[in-house]
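# Working through the structure, step by step
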Amino acid sequence: MLECVRTELPIFIVDTGRQWSGLYGVSESGAMDMGALERANHILQQSPNTAALEILGSASFVTHISMWVCFTGSAAEINIAGQGRLLNQAIWVNAHQTIVVERAKQGMRVILGVYGGIDVPQYFSSSCGIVREGFGAFGDGKPMVSGTVASINTNTSTNTNTNTNTNTNTIANTSTAHLHHNTEHVPKNDKAKAHRSVSCVSETAAWIDFVPNYQYAKFSVTSRYRFVEQAMQVTAQSDRMGLRLACTQPISAPKLTSSQALALGVIQIPPDGQPIVMGRDRQTHGGYPVIGTVPEYGVDQLAQINVGQAFYFRVVTIEQAIATYWLKKRLRV
Amino acid sequence: MTDSDYSVEWVNPTTMLCRVIGERLSVAQRHQCLLMIHQAILDSHKQLLVNIVPGFNEILLYFDPNKIDYAYHVTLISRLVKTHLKPYTHSPDYFGAAHNALDSQEVDISTRPITAIEVNFDVHGQYDLQHIATHLGLTRQALITQFCAIDFTVILNGFMPGFVYLSGLPACLHIPRLATPRVKVPKGAVAIAEAYCGIYPQQSPGGWHIIGVTEHKMFDIKQTPPASCVTGERIQFRATHNA
C-alpha cells in the first residue's frame, strides 16, 4: 500500500480513460498528460491503462510495502528516503520509505506510476473518478488527499482487473505482494529515457497546435486572426474539466443554437471571449461555440504549461495533427 | 441531397465528428435520422470504437487508435450517413420519406417497447405546472392528459450522468426557459424547456420548467447499464395514483 502523508492539492487516479461512457452522459476522464502516463507505464513494462497518480502540487508518501515506481511529466524534484531521484526511470522503493515530490518549477503535473497499478473498483474499464459524478477513484469519485491509503494491485498477471475492494489489503496478501513484485519484472534503469524529460511546450517552442473545425467557419475573420496572433496564458482557474485561458483581446463568437458533443481538446469560446480548452474530465456536451480542437499531444503540452506562461495557437491541418500524433506515440515507446 | 447536408471528419487524431446539418430537415427528422445512424454504427461498427457520444445534430465517434484507417473510415461512415439521410432529403414529405426509408437493413425505431415512467405531477403548486398551463392556455388537468399521451424518444444522456433529453414535445407545448434559473431543482424533476423534456437524475441548478417529480431512478452506477434510458428508447409518462 501507498499512503499519502501530506498533499498540497488533491491527487487524481488516472489511466487511459473510460470506455462506452458517453451513452450515459458520463465523462471520458483519464490522464491530462496522457503521454506522461503512457511513458510511466511503458517504463514499468505494463499496460498503458494501468492506474497511476496525477500530482499537481507538492506531496509526500510512505510505502507500506516495497514496490517499483516511475515518475514522469513535469520536472519535479523527487526524493526517496532522502535521496534525489530522476524522472523516467523505474525505481525500486523499499517498504516504509518516504517519497517526497516537490512542486515543479517547470510543468504542472507529475505522474507517479506504480508497478501493478493503483487498485480501486473500475467503472467503464477505468479507475478514474470525478467528484461531481459521484463514483470511482477512492469511492464516490473522491481523489487522494492527505491520509488516503491506496492499495496496489499485486495480481499483476492480468491487467484487466475488476476488483471491488479498496483499502482492504490484509497482512496476508501484503506478503504475497512481495513475491509478485520481485525485481525481475522490471528492466534496469534506462539511461537514454531518463534524459527525455518534460513534454512541456516551453522546452521546444511556445506553440500549441489546433485544428480548425466545429464552428470555425462561422467565426469572423477578426476573431480567427485574434485567436492566432496574440499570446495566450493558462490561468489558475484551470482544472481537469477545462484549461481556462486568458488573452488581452477577447475573441467574439457566433451564436450557437444547441449544445454539441465535445471531443477532447475542443476550444470553446464563451461570451467573455476567453477560450477554454476542454480537458479529460469535460462534460459530454457543451453549449459554447467551438473554434477548433487541440489534438491529444497538444492537450498533453497544455496540461504542463505553467500558469501565466505565454504561448500561441498555431493552425495545423488534421493530416498534420495525425502525423504528429503518431510520431509522438512512436517516440514515446 | 448535397454534401452540405452532412459532414464526416476527423476532429482530432482519434475522434470523428459526424454531423447531420440538412437545413431542409425538421428537428424531428434530424433526430430520427441521427438515431438510425447511431443504431447502424453500433450494430455494424462497434468493434472499431471505444466510446460514442450522441448529440442533437451530431454523433462523436471515439475510435480505438489501433484500428484506425483514416481514409477508409471516413468513407465508411459517410456512406452510412448518406444511406440514412437520402430518403429525407429526396422527398419534401416527411411521412412519405420515412416510409420509403425503411429498406431491409435499416432500423425501425417505432417498434421498440415503451418504458412507462410514473410522475407525481405538481398539483399542489410547488413548482411550475400551473405556470406552464396558464402560459399555454390549458387547464392543469388538460396539460397532464396531453403530456401523458406523448410518445417521447430519448435523444441522449448529457449535461450530467443520467440526465436525459427527450424529443417528441409537440410545438403547442413549447415554452422558453425560466428567465432566472432555479438554484435547486429536485432529484427526479421532470421538466420542459423549448422543444425538449428532461429528467434531472440528481439535485442540481437548472432553468427548465418543472412539471412534476418522478421516483424513477435515472442513473445508478451499480446497475448495468447504469442509465435507465439511453438513446433511441421510447418513454411515456404516467400520473401516479395520488396525482
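Right above here is the structure, for reference.
Now for a quick tour of the structure. Keep in mind it's a predicted model, so treat the numbers as computed, not measured.

Attention now goes to the sheet that holds strand β3 (residues 52-55) of chain A. Residues and elements named next belong to chain A. Pairing is antiparallel in the open sheet, where five strands are placed in the order β2-β3-β10-β5-β8. Only two strands of the sheet have a single neighbouring strand rather than two, namely β2 (12-14) and β8 (91-93). Sheet twist, expressed as the average angle between the axes of neighbouring strands with direction ignored, equals 35°. Each of β2, β3, β5 (67-73) and β10 (110-114) is contacted by helix α1 (residues 34-43), which is oriented at about 150° to β5, the strand it contacts most.

Another aspect to go through is the interface of chain A and chain B. Each partner contributes residues to the interface: chain A has 38 residues there, and chain B has 41 residues. A buried area of about 3100 Å², summed over both sides, lies between chain A and chain B, and 64% of it is on carbon and sulfur atoms. Of all residues in chain A, Trp20, Leu23 and Tyr24 of chain A give up the largest surface area on contact with chain B, accounting jointly for 25% of the area buried on that side. Linking chain A with chain B are zero salt bridges. Taken together, chain A and chain B are joined by 16 residue pairs in polar contact (both at pLDDT 80 or more). Only β17 (260-261) and α6 (318-332) of chain A provide two or more residues apiece to the side of chain A that touches chain B. With five residues, α6 of chain A is the single largest residue contributor to the side of chain A that touches chain B. By residue class, the composition of the side of chain A that touches chain B is 19 nonpolar, 13 polar and six charged.

This paragraph deals with the nonpolar core. Ranked by size, the top nonpolar core spans 44 residues in total, and within it Tyr24 of chain A together with Ile37, Ile41, Leu61, Phe63, Ile77 and Val81 of chain B carry the most contacts. Of all the elements in the fold, those that place two or more residues in this core are α6 of chain A together with β1 (6-12), β2 (15-20), α1 (27-45), β3 (49-54), β4 (58-63) and α2 (70-90) of chain B. Ignoring sequence-local partners within four residues, the contact set of Phe63 of chain B consists of Trp10, Thr14, Met16, Leu48, Leu49, Val50, Ile68 and His73 of chain B. The next biggest cluster of nonpolar side chains, apart from the first, holds 32 residues, and it includes Ile11, Leu87, Phe138 and Met144 of chain A.

Residues and elements named next belong to chain B. Here strand β10 (residues 196-199) shows no split at all, with Tyr196 and Gly198 on one side and Cys197 and Ile199 on the other all buried. Here three bridges tie strand β7 (residues 164-167) to β10, and the two strands are oriented antiparallel to one another. In the strand pairing of β10, Tyr165 is matched with Gly198. Sheet topology places strand β9 (residues 189-193) next to β10; four bridges connect them, and they run antiparallel. When the bridges of β10 are listed, Ala193 appears paired with Tyr196. Connecting the antiparallel pair β9 and β10 is a turn made up of two residues, with Glu194 showing a positive phi of about 50°.

Parameters at a glance
- Residues numbered from 1 in each chain as written.
- Chains lettered and ligands numbered in written order.
- Predicted model: local features only at pLDDT ≥ 70, side-chain atom pairs only at ≥ 80, totals over all residues.
- Heavy atoms only, no water.
- Pairing = 2+ DSSP bridges.
- Helix = DSSP H or I, 4+ residues; strand = E, 2+ residues; numbered from the N terminus.
- Axes fitted to C-alpha atoms, helices over the stretch in contact; angles between N-to-C directions.
- Contact = heavy atoms within 4.5 Å.
- Buried area = accessible area lost by both parts, 1.4 Å probe.
- Salt bridge = Lys/Arg side-chain N within 4 Å of Asp/Glu carboxyl O.
- Polar contact = N/O pair within 3.5 Å; in protein donor to acceptor, adjacent residues only side chain to side chain.
- Nonpolar A, V, L, I, M, F, W, Y, C, P; charged D, E, K, R; others polar.
- Core = buried A, V, L, I, M, F, W, Y, C linked by side-chain atoms within 4.5 Å.
- Buried < 20%, exposed > 50% of the residue type's maximum accessible area, 1.4 Å probe, protein only.

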